[in-house]
Amino acid sequence: MSESNRPQLDVIVVGAGFAGLYLLHKFREMGLSARAFEAGDDVGGTWYWNRYPGARCDIESIDYSFSFDPELEQEWQWSEKYATQPEILRYAQHVADRFDLRRDISFATRVEQAVWDEAGSCWNVTTSQGETVSGRFFIMATGCLSQPKDIDIEGIENFTGAIYRTHSWPHEGVDFSGKTVGIIGTGSSGIQSIPLIAGQADHTTVFQRTANYSIPAGNGPIAPEKLAVKQRYQDYREEARWTSVGVPGKQAMDFALTVSEEERQQRYQELWDKGAIPHLGSEFADLLLDEKANDTLAEFVRGKIRSVIEDSEVADILTPTEFPICTKRACLDTHYYQTFNKPNVDIVDIKRNPIVSITATGIATKEQNFDFDAIVFATGFDAMTGALLAIDIRGREGQSLKDKWAHGPLNYLGLTVSGFPNFFMITGPGSPSVLSNMILSIEQHVEWIADCLEHMSKAGLDVIDATETAESGWVEYGTATSDMTLFPQAKSWYMGANVPGKPRVCLPYVGGVAAYRRVCNDVAAQDYLGFRFDGPDGSRCNDGLVRRQQPDVVALLEMLADLELPPFESLSPDEARAMSVAMNAGNPPGPQVGAVVDGSFPGADGALDYRLYRPDSPGPHPVTVYFHGGGWVLGDHTSDDAFCRDLCVNADSVIISANYRHAPEARFPAAVDDGFAAVQWVSDNIETLGGMRGALAVCGWSAGGNIAAVVCQLARDAGGPEIKGQVLITPVVDAGDDSPSMTDNAEGFVLTKALMDWFWDHYADPSKRADPKASPLLAPDLSGLPPALVITGEFDPLRDQGKAYAEALDAAGTGARHINYPGQIHTSFTAVGAIPTANGSRQDIAAALRQYFKALEPV
Ligand code: N01
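This one's a predicted model, so the numbers in the text were calculated from it and none came from an experiment.

*Asks:* Run through the overall build of the chain, naming residues and quoting values.
*Replies:* Helices and strands together make up the secondary structure of the chain, namely 25 helices and 29 strands. Relative to the 2.2 N^0.38 estimate, which gives 29 Å for 859 residues, the radius of gyration of the chain is 31 Å and therefore close to what a compact globule would have. Taking the principal axes of its C-alpha atoms as reference, the chain extends roughly 90 × 75 × 50 Å. Here the chain holds 859 residues, and 59% of them are scored as buried. In the chain, the share of contacts with a sequence separation of at least 24, taken over all contacts with a separation of at least 6, comes to 74%. A total of about 33,300 Å² of accessible surface is found on the chain, and carbon and sulfur atoms cover 49% of it. One way to put it: in the chain the 69 positive side-chain charges average out to a point 2 Å from where the 115 negative ones average out.

*Asks:* Provide a residue-level description of empty space enclosed by the protein, including the pertinent values.
*Replies:* Evaluated as defined, the whole model comprises seven cavities of 30 Å³ or more. Volume-wise, the largest cavity comes out at about 80 Å³. Along its surface, the largest cavity is lined by Ile62, Asp63, Ser65, Ser67, Tyr236, Arg237, Ala240, Gly246, Asn437, Ile439, Leu440 and Glu443. Taken as a whole, the second largest cavity encloses approximately 40 Å³ of empty space. In terms of residue class, the lining of the second largest cavity is made up of six nonpolar, one polar and one charged.

*Asks:* So what's going on with the packing of aromatic side chains? Residues and values would help.
*Replies:* For any two aromatic rings, the description comes down to two numbers: the centre-to-centre distance and the angle of the planes. For the structure on display, the rule yields 53 aromatic pairs. One Lys or Arg, Arg517, reaches over the ring of Trp242 and ends 5.8 Å from the middle of that ring.

*Asks:* I'd like a description of the sheet that holds strand 21 (residues 538-541), backed by residues and values.
*Replies:* Sheet architecture is open: three strands sit in the order 19-20-21, paired in antiparallel fashion. Strands with a single pairing partner mark the edges of an open sheet, and in this sheet they are strand 19 (463-466) and strand 21. Here the strands of the sheet are splayed against their neighbours by 20 degrees on average, with no regard to which way each runs. Of the strand pairs in this sheet, strand 19 and strand 20 (residues 531-535) are connected by four bridges, and their pairing is antiparallel. Along strand 20, the bridge assignment pairs Asp465 with Arg532.

*Asks:* Please provide a residue-by-residue account of the pattern of salt bridges, values included.
*Replies:* For the coordinates displayed, the defined rule picks out 53 salt bridges. Among the ionic pairs, Glu263 bridges to Arg267, the shortest N-O distance being 2.8 Å. Here Arg267 and Glu263 lie together in helix 8 (residues 261-274), a separation of four residues that amounts to about one turn. The exposure class of Glu263 is partly exposed, given its relative accessible area of 31%. Here Asp605 ties to Arg661 by a salt bridge, and the two come within 3.6 Å at their closest N and O atoms. Here the residue Asp605 occupies a position in the loop between strand 22 (595-603) and strand 23 (606-614), and Arg661 occupies one in the loop between strand 25 (654-658) and helix 20 (670-684), the gap between them amounting to 56 residues. The class of Asp605 is exposed, set by a relative accessible area of 59%. Salt bridges sharing common partners tie together Arg518, Asp522, Arg547, Glu558 and Asp562.

*Asks:* Give a detailed account of the nonpolar core, specifying residues and quantitative values.
*Replies:* Membership of the largest hydrophobic core comes to 138 residues, with the highest contact counts inside it found for Phe18, Phe176, Leu413, Trp448 and Phe531. At nine residues, helix 14 (residues 438-459) tops the list of elements feeding residues into this core. Setting aside residues no more than four positions away along its own chain, Trp448 makes contact with Leu413, Leu415, Phe424, Cys520, Val523, Ala524, Tyr528 and Phe531. Phe568, Leu689, Ala764 and Ala779 belong to the second-largest nonpolar core, a separate cluster that totals 65 residues.

*Asks:* Please provide a residue-by-residue account of the sheet that holds strand 16 (residues 374-377), values included.
*Replies:* Taking strand neighbours across the sheet as the criterion, the five strands line up as 7-16-8-9-12 in an open arrangement whose pairing is parallel. Strands with a single pairing partner mark the edges of an open sheet, and in this sheet they are strand 7 (162-165) and strand 12 (345-349). Ignoring strand direction, the axes of neighbouring strands in this sheet form an average angle of 20 degrees. Examined bridge by bridge, strand 8 (residues 180-184) and strand 16 share four bridges and lie parallel to one another. Opposite Ile184, over in strand 16, you have Phe377 as the bridge partner.

*Asks:* Describe the site of the ligand, and please don't skip the residues or the numbers.
*Replies:* Neighbouring residues of the ligand: 25 residues in total, closest Asp152, Ser189, Gln192, Thr210 and Lys328. At 3.0 Å, a backbone N or O of Ser188 approaches an oxygen atom of the ligand. A distance of 3.3 Å separates an oxygen atom of the ligand from a polar atom in the backbone of Ala378. No other element matches the three residues that helix 5 (residues 188-200) contributes to the shell around the ligand. Classifying every residue of the shell around the ligand gives nine nonpolar, nine polar and seven charged.

*Asks:* Lay out a nonpolar patch on the surface in plain terms, naming residues and giving numbers.
*Replies:* A cluster of nonpolar side chains, Leu563, Leu565 and Met583, forms an exposed patch at the surface whose accessible area comes to about 240 Å². Mapped onto the elements, Leu563 comes out in helix 17 (residues 551-563).

*Asks:* Give a description of the side chain of Glu38 that names residues and reports values.
*Replies:* Relative to the elements of secondary structure, Glu38 occurs in the loop between strand 2 (34-37) and helix 2 (46-49). Of the side chains with opposite charge, Arg110 lies nearest to the buried Glu38, which makes no salt bridge, at 7.4 Å. For Glu38, the side chain forms a polar contact with the main-chain nitrogen of Ala16, separated by 2.7 Å. A polar contact is formed between the side chain of Glu38 and the backbone nitrogen of Gly40, at a distance of 2.7 Å. Beyond its immediate chain neighbours, meaning those up to four positions away, Glu38 contacts Gly15, Ala16, Gly17, Trp49, Ile105, Ser106, Phe107, Ala108 and Thr109.

*Asks:* I'd like a description of unusual backbone geometry, backed by residues and values.
*Replies:* In the segment running from Gly619 into Pro620, the intervening peptide bond is cis, with an omega of -5 degrees. With respect to the secondary-structure elements, Pro620 resides in the loop between strand 23 and strand 24 (621-627). At the junction of Phe668 and Pro669, the peptide bond is cis and its omega measures out at 5 degrees in the coordinates. Relative to the elements of secondary structure, Pro669 occurs in the loop between strand 25 and helix 20. Even without being glycine, Thr427 reaches a positive phi, approximately 50 degrees. One can find Thr427 in the loop between strand 18 (423-425) and helix 14. A relative accessible area of 5% means that Thr427 is categorised as buried. A positive phi angle is found at Tyr528, which is not glycine, with a value near 55 degrees. Position of Tyr528 among the secondary structure elements: in the loop between helix 16 (513-525) and strand 20. For Tyr528, a relative accessible area of 5% translates into the label buried.

*Asks:* Which residues make up the environment of Ala34, and what values do they have?
*Replies:* By secondary structure assignment, the location of Ala34 is in strand 2. Considering only alpha carbons, one finds Ala34 and Val125, 91 residues apart in sequence, at a separation of 13 Å. Not counting residues up to four positions away in its chain, the partners in contact with Ala34 are Leu9, Val11, Leu24, Phe27 and Asp104.

*Asks:* Give a detailed account of helix 7 (residues 233-241), specifying residues and quantitative values.
*Replies:* Along helix 7, the residues classified as buried are Tyr233, Tyr236, Arg237, Ala240 and Arg241. End-on, the buried residues of helix 7 take up no more than an arc of 145 degrees, which puts them together on one face. If you follow the buried residues of helix 7, they end up packed against helix 3 (70-75), helix 6 (224-227), helix 14 and helix 16.

*Asks:* So what's going on with a negative patch on the surface? Residues and values would help.
*Replies:* A surface patch of like charges, here negative, comprises Glu310, Asp311, Glu313 and Asp316. The exposure class assigned to Glu310 is exposed, which follows from its relative accessible area of 64%.

How each quantity is defined
- Residues numbered from 1 in each chain as written.
- Predicted model: local features only at pLDDT ≥ 70, side-chain atom pairs only at ≥ 80, totals over all residues.
- Heavy atoms only, no water.
- Helix = DSSP H or I, 4+ residues; strand = E, 2+ residues; numbered from the N terminus.
- Rg over C-alpha atoms; globule rule 2.2 N^0.38 Å.
- Buried < 20%, exposed > 50% of the residue type's maximum accessible area, 1.4 Å probe, protein only.
- Contact = heavy atoms within 4.5 Å.
- Areas by Shrake-Rupley, 256 points an atom, 1.4 Å probe, with all protein chains shown as cover.
- Lys, Arg positive; Asp, Glu negative; His and termini not counted.
- Charge placed at Lys NZ, Arg CZ, Asp CG, Glu CD.
- 1 Å grid on protein atoms, 1.4 Å probe; cavity = no way out; pocket = protein on both sides within 12 Å on 5 of 7 lines; lining within 4 Å.
- Points joined across faces, edges and corners; volume = space filled by probe spheres on them.
- Nonpolar A, V, L, I, M, F, W, Y, C, P; charged D, E, K, R; others polar.
- Phe/Tyr/Trp six-rings, centres within 6.5 Å; stacked < 30°, edge-to-face > 60°.
- Lys NZ or Arg CZ within 6 Å of the ring centre and 35° of its normal.
- Pairing = 2+ DSSP bridges.
- Axes fitted to C-alpha atoms, helices over the stretch in contact; angles between N-to-C directions.
- Salt bridge = Lys/Arg side-chain N within 4 Å of Asp/Glu carboxyl O.
- Core = buried A, V, L, I, M, F, W, Y, C linked by side-chain atoms within 4.5 Å.
- Near = heavy atom within 4 Å.
- Polar contact = N/O pair within 3.5 Å; in protein donor to acceptor, adjacent residues only side chain to side chain.
- Patch = residues over 30% accessible without salt bridge, like charges linked within 9 Å, V, L, I, M, F, W, Y side chains within 5 Å.
- Arc of directions from axis to C-beta.

Shown next as structure tokens:
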């Protein structure tokens, strides 16, 4: 490239909030030329614009600050637990001054257009000042909540009084003394400003569309123990980087529905007393996954709200009921609910009495006209994508970002967009951003980009672009992550639901800061997986998906890796059993069933235990005999309790989880002989057990799937009992399996090849493993068996043998279906509550059982 057509800058940055400031500092350190364009007259971004009364951060000051410079973090002293907007703005100004950043910022300048120049490998950027600059890289540091939502209420132009918007509050402040004020909006901005405006105005009327959950901030001086954090600030920051929200705190592993009501209330009270929202939704692992669990916290908060408000009608209006708690940003307040006990403050429920229009003198609702001197709009933002799309950004072949995002913000890692080379977003859609401590997430993005640019420079590469494969994989992964949570249930700005016509997708990545950081690190470590690079020496690309399992499976595998447990196969059977029991102990409980009855039945060589689960519906019911997993060595009739409950409810079947003798104490064929004895006994006693005569099926998981499959063959050969259907969940059916699934998934996904070998070694002599009672796939004749559903997971070593068994059954004329679930592992299917992405498979299992029993329902 000649000197004359070399881009003017290495990097063009849009925005001089915290992201822009750190980018400038970082690039200067790296010796790159960078310039930021900022619409405001000064630095600070969101904290420059949002100057409404009561504006504060809802992350504690100690956490909401830069960590990149130890001197900066030590010298700056915050005055309160939650800093006010003026104090945070002063901090941003201090950072700008301390690192002399203003000289690289053009203030009062909006970027209007940015166009990728393929020939020059650079971006040409046009500003509101009529300037055009070129830069090799173009980075959006425009913030997630900076583009206000258009006011979608008619008649605003007619109002003759004063109009204020929280996001662009007059710098000189507003005196509401003696005024009659209307306020629309009860999100964080409304909830923070209402008590202060109402404290000053003559009369205040709040127009609320949706009641929100807010908890008292308990603001004041920083608690000594929190301040002490500064003595170990760097360690504390590192801890924060590996949490879900970017603030150190407890990462709950237990479930709201497994602890007692008393413990729940005590823990919620502690949360309440803390006056902090980052860990509100993570006090229990199921709060954002399970509506019933979520409702325990929501109801606690509702109770608190009701206890503060004196008028019960007002309390009803202000009590949130329309969405699960924490699926919209929870608010932090100071005397918000108490404000409505004042005689000069009213609330209007505009769901019941809608706003018709803004009039010359105030607000007209369906039932009443209100006159105001001033109206305050706290109506929110076109979040996460608004500021990006406010600029005409054109990537390869002139494609506009607006067109590319017509159905939602396609992105890779929330950092890049395929087809938009050398373009980065700080805390863009697809990254944790607004669900995290923003400054921590900003630092992570800036540092990742800086490392990437360094990598490119060292390797002599000029252009980076995400591949479409990586991009669509990440978007799918993000959607799968949000779909397993309660977030999609709220009409929130997270979901794009607050802006009419905006695509309804979950904008932030909801899997948490730590999981996300791992993803970004993994991408870089795998030679920037999913990116194509170009340079003078040609192109290179390591294409692929950074996460191939379902998000909850990934989380489980990461959690297990963190626990650093010894492999089962390194233990004795008793040690392995103890570890298995301990691992099961905190499992979610599964749904309520009509009744649970424990009993015993005659096994092949003595009595064995069973647990019976009866549906809540009127009986008699069909009966399914279930065999637990555990490689014939681990587990018992209670170890798949949650799954049995789930099956009982969804299949509307009595489930009898029958125990069997375990190896190595009782080796092959003890387990299958006991399984057959269980089925014979259940068949003989089916009516006494609450079952319908003749309505009998079998189901089993893993080694239990092996038992269920063998039992069907034994029953056929013995001429009974008649089994209406078999559901085999990732069954062991072939001891000699060396298929691709066995080799590809030999390590890493809970059931490893080494563990499978250990199970076989305990269970059966090598010479006996080809016996159809051990390897039912090897049976010479598979005809005349009950219809089967075989369930497997993509990352299960047993996947291919399950598939082979289904195909062999089908070929033999036994109706058999095989369903392989993408992204699932061996343990996914029975993990009720822990692996929600396998819920569909559980529905399929239940549907198959219902189908087997269909013709047998009593009339
Ligand atoms: O905006 P919002 P915000 N007619 O979208 C209502 C961050 N933040 O500026 O819920 C009537 O939350 C709307 O009603 P509904 C924080 O992340 C942080 O308050 O859509 N009402 C809602 O009540 C926050 O989440 C801090 O039914 C209308 C309100 O206006 C985010 O910014 C402080 C309406 C908008 O609430 C946004 O907060 C402030 C209409 N046509 C903000 N349109 C802290 O750090 C909208 N509404 C503490």
